[in-house]
Amino acid sequence: MKKFKFKSIKSVILLGGFALISVICLIILLISSTLSKQAFSSQVEEDMQVTATQVSEKLVSDIVHTEKIIEELATNPMLSDDEYTKQEVADFFEKRAKNTGFNLFFTVAKDGKGVNLTHKAETFDVSDTEYFKQSMQGKTYTSSIITDVVTGGKIMVISTPYYDTYTGEFLGVFAGIKNVDFISKMCADFKWGKTGSIAVYDKNTNIVGHTDIKIVESGLNLVEQANTDASYKSVAEFFKKHIDSNTNGIGTYDWRGKKRMGAISNIQDRDYVVLVAINEEEIYHNLNQLETNLIIAIAILTLLGILAIYFTFARLIANVFKNLKTDLIYVSNYDLTKEPTKDYSNREDEIGDIYRATVTLKENVVNIISNISSHAQNTAATAQQLTATAQ
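Colleague: Lay out the overall build of the protein chain in plain terms, naming residues and giving numbers.
Modeller: Tallying secondary structure elements over the protein chain gives ten helices and twelve strands in all. Its C-alpha atoms give the protein chain principal-axis dimensions of roughly 175 × 40 × 30 Å. Within the protein chain, buried positions represent 37% of all 391 residues. Partitioning the intrachain contacts of the protein chain with sequence separation of at least 6 by distance along the chain shows that 53% fall at a separation of at least 24. Within the structure as shown, the protein chain displays about 23,200 Å² of accessible surface, and the carbon and sulfur contribution to it stands at 56%.

Shown next as structure tokens:
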């Protein structure tokens, strides 16, 4: 294979300059890209964890406020004073439910038999429910999403024990029903890009609140869903890991073909877990766009650098060597009458050295030719003298 050779020093200089600038720019790009991505990722993770913590605090605040409404209403004498008619009790608690955002209120006797504090006064049995058991132990309790034993719909129940206002006797459980969008409305208040979402689950991975209310209405359980839908497996594992260890943290998981970043915040003493998540591609979109713009800018600067090398260095150097080459061709052809194409005698660099060496070479050739000519003339004169003497 024939080895490629450059025909002009300009090509060598341009190629060398291009290679050097490209390598330097590539190194700078890789270093800046790596460092910026690390810094950006660190900031994003910190912001996500802060957001998850803020959601947790807001959720706790809203639940506490809702529970205080239930605790306050549970002390109302209408619940234990027989001087109030069922009509008056229903009127009061239906109005309070409307004003406080509840569907309705109800009471449950010690045997688990309940009655709605409405004009219809529906009765039911909730003795097997967790909220009844918890409040029977004297606790104010907010349930996860459960099925209404009366309507069959999805609800949340906030319950607390209630007592006889006058004697202090424990009478049973007072509770209020909230729609499933109770927590979801709070989740929807947090806006983050196009794919950002906030979800609240209980410790059993049952959905409690979500930016998308339809997911809540479906009664999603992450672990159970992962057993039948492979797209939920990664997020279920990520979620379960932090629930089991009771730790907060940041991580990535796959969901429906997308890589998502998620931040987990466990709400202590509430058995709730907050998950803040967003598609990774959306997070890094602006950074990737910045890198693309940087690559374009570097390419343009590289091109400008090559043009600058060509016009300020390569072309000048090539012209110098072209002039020196012309002078050497004259000498090689014994045309010693030509003056140097350009005078570089004042230069102190290698070009000046080459020019002066060329001039010296020319002078030496002239001297050699002059000496040869002189000797030839002397030889001819001697020969003529010898010829004359011989005659």
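Colleague: Describe in detail the sheet that holds strand 11 (residues 258-267), supporting the description with residues and values.
Modeller: Across the sheet, which stays open at both edges, the five strands sit in the order 9-8-12-11-10 with antiparallel pairing between neighbours. Two strands close off the open sheet at either side, each with one partner strand: strand 9 (207-210) and strand 10 (249-255). In this sheet, adjacent strand axes meet at a mean angle of 25° when their direction is disregarded. Pairing analysis gives six bridges linking strand 8 (residues 197-202) to strand 12 (residues 272-279), with the strands arranged antiparallel. Of the residues in strand 12, the one forming a bridge with Ser197 is Ala277.

Colleague: I'd like a rundown of empty space enclosed by the protein, residues and numbers included.
Modeller: In the structure shown here, the tally under the stated rule is one cavity of 30 Å³ or more. Taken as a whole, the largest cavity spans an internal volume of roughly 90 Å³. Lining the largest cavity, in full, are Asp327, Tyr330, Val331, Asp335, Lys338, Glu339, Pro340, Tyr355, Thr358, Val359 and Lys362. Listed by contribution, the elements that provide at least two residues to the lining of the largest cavity are helix 9 (285-332) and helix 10 (350-390). In terms of residue count, the dominant contributor to the lining of the largest cavity is helix 10 (four residues). For the lining of the largest cavity, a count of residues per class yields five nonpolar, one polar and five charged.

Colleague: A description of the side chain of Ser143 should follow, citing residues and the corresponding values.
Modeller: Checked against the element boundaries, Ser143 lands in the loop between strand 4 (141-142) and strand 5 (146-147). If we ignore the near neighbours within four places in the chain, the residues touching Ser143 are Tyr131, Met156, Val157 and Tyr272.

Colleague: Can you tell me about a negative patch on the surface, naming the residues and giving the values?
Modeller: Taken together, the side chains of Asp82, Glu83, Glu88, Asp91 and Glu94 present a region of like negative charge at the surface. Topologically, Glu83 is positioned in the loop between helix 1 (9-74) and helix 2 (86-100). Owing to a relative accessible area of 59%, Glu83 belongs among the exposed residues under this scheme.

Colleague: Before we move on, can you summarise the pattern of salt bridges with the specific residues and values?
Modeller: Summed over all chains, the structure comprises six salt bridges. Of the charged contacts, one joins Asp125 and Lys113 as a salt bridge, the two residues approaching to 3.0 Å between their closest N and O atoms. You can see Asp125 sitting in strand 3 (residues 123-125) and its partner Lys113 sitting in strand 2 (residues 113-116), a full twelve residues away along the chain. Look at Asp125 and you get partly exposed, because its relative accessible area is 38%. Taking relative accessible area as the criterion, Lys113 reaches 45% and is therefore assigned partly exposed. Linking Asp254 and Lys259 is a salt bridge whose minimum nitrogen-to-oxygen distance equals 3.3 Å. Taking the relative accessible area as the measure of exposure, Asp254 reaches 38% and is therefore partly exposed. Among the residues examined, Lys259 registers a relative accessible area of 37% and is labelled partly exposed.

Colleague: Describe a nonpolar patch on the surface, naming the residues involved and giving the relevant values.
Modeller: Nonpolar side chains collect at one region of the surface, where Ile296, Ile300, Leu301, Leu303, Leu304, Leu307 and Phe311 lie side by side and expose about 680 Å² of accessible area between them. Tracing the backbone through its elements, the reader meets Ile300 in helix 9.

Colleague: How would you summarise the packing of aromatic side chains if you had to cite specific residues and measurements?
Modeller: For any two aromatic rings, the description comes down to two numbers: the centre-to-centre distance and the angle of the planes. Applying the stated rule across the entire model yields eleven aromatic pairs. Aromatic side chains Phe93 and Phe105 sit 6.0 Å apart centroid to centroid with 70° between the ring planes, which places their arrangement in the edge-to-face category. Here Phe93 is found in helix 2, whereas its partner Phe105 is found in strand 1 (residues 104-109), with twelve residues between them in sequence. Exposure class is identical for Phe93 and Phe105. Each is buried. Among the aromatic residues, ring-to-ring pairing joins Phe92, Phe93, Phe102, Phe105 and Phe174 into one connected group. Lys178 extends its terminal NZ or CZ atom over the ring of Phe102, reaching a point 4.8 Å from the ring centre.

Colleague: Before we move on, can you summarise unusual backbone geometry with the specific residues and values?
Modeller: Backbone geometry at Ala121 places phi at a positive 50°, although glycine is not the residue there. Tracing the chain through its elements places Ala121 in the loop between strand 2 and strand 3. In the Ramachandran plot, Asn246 falls in the positive-phi region, its phi being about 55° despite a non-glycine side chain. Looking at the element boundaries, Asn246 is found in the loop between helix 7 (233-245) and strand 10. Under the relative-accessibility criterion, Asn246 is labelled partly exposed at 38%.

Thresholds, definitions, all that
- Residues numbered from 1 in each chain as written.
- Predicted model: local features only at pLDDT ≥ 70, side-chain atom pairs only at ≥ 80, totals over all residues.
- Heavy atoms only, no water.
- Helix = DSSP H or I, 4+ residues; strand = E, 2+ residues; numbered from the N terminus.
- Buried < 20%, exposed > 50% of the residue type's maximum accessible area, 1.4 Å probe, protein only.
- Contact = heavy atoms within 4.5 Å.
- Areas by Shrake-Rupley, 256 points an atom, 1.4 Å probe, with all protein chains shown as cover.
- Pairing = 2+ DSSP bridges.
- Axes fitted to C-alpha atoms, helices over the stretch in contact; angles between N-to-C directions.
- 1 Å grid on protein atoms, 1.4 Å probe; cavity = no way out; pocket = protein on both sides within 12 Å on 5 of 7 lines; lining within 4 Å.
- Points joined across faces, edges and corners; volume = space filled by probe spheres on them.
- Nonpolar A, V, L, I, M, F, W, Y, C, P; charged D, E, K, R; others polar.
- Patch = residues over 30% accessible without salt bridge, like charges linked within 9 Å, V, L, I, M, F, W, Y side chains within 5 Å.
- Salt bridge = Lys/Arg side-chain N within 4 Å of Asp/Glu carboxyl O.
- Lys, Arg positive; Asp, Glu negative; His and termini not counted.
- Charge placed at Lys NZ, Arg CZ, Asp CG, Glu CD.
- Phe/Tyr/Trp six-rings, centres within 6.5 Å; stacked < 30°, edge-to-face > 60°.
- Lys NZ or Arg CZ within 6 Å of the ring centre and 35° of its normal.

Any link to function would need more than the numbers given here.
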